[in-house]
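If you want the building blocks of each chain, they are given just below.
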Amino acid sequence: MVAGEKGRRVIITGVPGVGKTTVVNEALQKIKQEGTSYESMNFGTFMFEVAQKEGTVADRDEMRKLDRGEQKRLQQLAAKEIAKRPGNVIIDTHASIRTPKGFLPGLPEWVLAELMPDTVVLVETDEDQILLRRLGDETRARDTEGARSISEHQQFNRSIAAAYAMVTGCTVKIITNPDFLLERAVAEMAELLR
Ligand code: AP5
């Protein structure tokens, strides 16, 4: 690829704690050994760096509680920065964010217009497994949420991913990441990225 040329843009989504970052990082290691590389960007980190500098949040889990307009402003800034990246890019983000005022689209029209993804990936697994993974992660201030609510969020993410495909013409890929079968999810992700 010529330097500066746009490569593939793959957006990875999944409810908090489903294991999307784990699956992506392992898949990237696998394909790197074969000579394929992507720059991996975490959308939430871009938003958090701005919010932290401005003093509006102390940790990344506070961002989804910010005023809706403020979350949109941070989204816009992150999308503009990420869109400048040349080459193959993976964007680790959310199809939707559960906020106190309802689901907020992670990829509204103005974000999609900047990123224009080739594929949106939904990483999913059984809601009971997600619940246990969240409970086991003491590094984050996860919202207390039952299995039914996690299931509802995963269903909403499928619906909104269909809308993203309608706007951009991207494909939507569902990758399941169940307990004890991480390797299978990693292999499927690596295949998509090759
Ligand atoms: P972000 O940082 O992306 O937070 P998150 O969703 O909580 O993501 P994590 O990376 O913590 O979870 P994960 O699913 O990647 O799980 P992990 O691999 O760690 O976003 C933070 C905030 O930014 C959001 O809340 C929002 O406010 C904001 N934001 C982001 N994008 C936005 C957007 N577009 N618009 C607006 N706001 C946005 O794994 C979890 C655990 O599971 C680990 O312990 C792991 O070891 C385990 N695990 C993984 N796979 C398996 C397996 N197969 N079997 C057993 N255990 C497994």
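Our structure's up above, just so we're on the same page.
Here the residue index of a chain counts from 1 through its sequence in written order. For a predicted model such as this one, the threshold for reporting local features is a pLDDT of at least 70, and the threshold for listing and counting side-chain atom pairs is 80 or more; totals across whole chains, interfaces and linings nevertheless cover every residue. The basis for the side-chain values is all heavy atoms of the structure; hydrogens and waters are excluded.

## Quick notes on the packing of aromatic side chains
Okay, step 1: For Phe, Tyr and Trp, where Trp contributes only its six-membered ring, two rings pair if their centres lie within 6.5 Å, and the inter-plane angle classes them as stacked under 30 degrees, edge-to-face over 60, or tilted in between. Counted under the stated rule, the structure contains 1 aromatic pair.
Okay, step 2: Judged by centre distance (4.4 Å) and plane angle (15 degrees), the ring pair of Phe-103 and Phe-156 falls under stacked. Of the two residues, Phe-103 sits in strand β5 (residues 102-105) while Phe-156 sits in helix α6 (residues 147-168), which places them 53 residues apart along the sequence.
Okay, step 3: For Phe-103, a relative accessible area of 25% translates into the label partly exposed.
Okay, step 4: Phe-156 sits in the partly exposed class, given a relative accessible area of 28%. Starting at the N terminus, helices and strands are each numbered in turn, a helix being any DSSP run of H or I of at least four residues and a strand any DSSP run of E of at least two. Residue exposure (1.4 Å probe, protein chains only): buried if accessible area is under 20% of the type maximum, exposed if over 50%, otherwise partly exposed.

## What to know about the side chain of Asp-92
Okay, step 1: With respect to the helices and strands, the residue Asp-92 is situated in strand β3 (residues 87-92).
Okay, step 2: We score Asp and Glu as negative and Lys and Arg as positive, and we do not count His or the chain ends. Salt bridges, as used here, are contacts in which a Lys or Arg side-chain nitrogen is within 4 Å of a carboxyl oxygen on Asp or Glu. Among buried charged residues, Asp-92 stands out as having no salt bridge; its nearest opposite-charge side chain is Lys-20, 4.3 Å away.
Okay, step 3: Among the polar contacts made by the side chain of Asp-92, one reaches the side chain of Thr-21 at a distance of 2.9 Å. Nitrogen and oxygen atoms within 3.5 Å of one another constitute a polar contact, given that in protein one can donate a hydrogen and the other can accept it, and given that sequence-neighbouring residues count only through two side-chain atoms.

## A look at the pattern of salt bridges
Okay, step 1: In this structure the tally under the stated criterion is 15 salt bridges.
Okay, step 2: Note that Glu-188 is salt-bridged to Lys-173, the shortest N-O span being 3.4 Å. Residue Glu-188 is located in helix α7 (residues 182-193), and its partner Lys-173 is located in strand β7 (residues 171-176); the two are separated by 15 residues in the primary sequence.
Okay, step 3: Overall, Glu-188 belongs to the partly exposed group, its relative accessible area being 30%.
Okay, step 4: The exposure class of Lys-173 is partly exposed, given its relative accessible area of 29%.

## A closer look at the packing of helix α1 (residues 20-32) against α7
Okay, step 1: Fitting a line to C-alpha atoms yields each axis, with helices limited to the stretch in contact; the angle taken between N-to-C directions then spans 0 to 180 degrees. The N-to-C vectors of α1 and α7 enclose an angle of 60 degrees; their axes lie 8 Å apart at closest approach. Between α1 and α7, the interaxial angle falls into the category oblique. As α1 runs across α7, the sense of the crossing is right-handed. The segment α1 lies against α7, with Thr-22, Val-23, Val-24, Glu-26, Ala-27, Leu-28, Lys-30 and Ile-31 engaging Leu-182, Ala-185, Val-186, Met-189, Ala-190 and Leu-193.
Okay, step 2: Within the contact of α1 with α7, the residues separate by chemical class into 11 nonpolar, 1 polar and 2 charged. Small angles under 35 degrees read as roughly parallel and large ones over 145 as roughly antiparallel, with 65 to 115 read as roughly perpendicular and the rest as oblique. Should the near helix be turned anticlockwise from the far one by less than a right angle, the crossing is termed left-handed; should it be turned clockwise, right-handed. Residues count as neighbours in contact if any of their non-hydrogen atoms are within 4.5 Å of one another. Residues are grouped as follows: Ala, Val, Leu, Ile, Met, Phe, Trp, Tyr, Cys and Pro are nonpolar; Asp, Glu, Lys and Arg are charged; every other residue, Gly included, is polar.

## A closer look at the sheet that holds β3
Okay, step 1: Following DSSP output, two strands are said to pair if at least two bridges run between them. Pairing in this open sheet of 5 strands is parallel, and the strands run β2-β3-β1-β6-β7 from one edge to the other. Each end of this open sheet is capped by a strand with a single partner; those strands are β2 (39-42) and β7. Strand-to-strand twist in this sheet, taken as the mean axis angle between neighbours without regard to direction, amounts to 25 degrees.
Okay, step 2: Looking at chain direction, strand β6 (residues 119-124) and β7 are connected through 6 bridges and run parallel. Across the sheet, residue Thr-119 finds its bridge partner in β7, namely Thr-171.

## A short note on the side chain of Asn-88
Okay, step 1: Inspection of the secondary structure assignment puts Asn-88 in strand β3.
Okay, step 2: Here Asn-88 falls in the buried class, since its relative accessible area comes to 18%.
Okay, step 3: Within the structure, the side chain of Asn-88 is placed 2.8 Å from the backbone nitrogen of Arg-8, a separation counted as a polar contact.
Okay, step 4: Of note is the side chain of Asn-88, whose polar atom sits 3.3 Å from the backbone oxygen of Ser-37.

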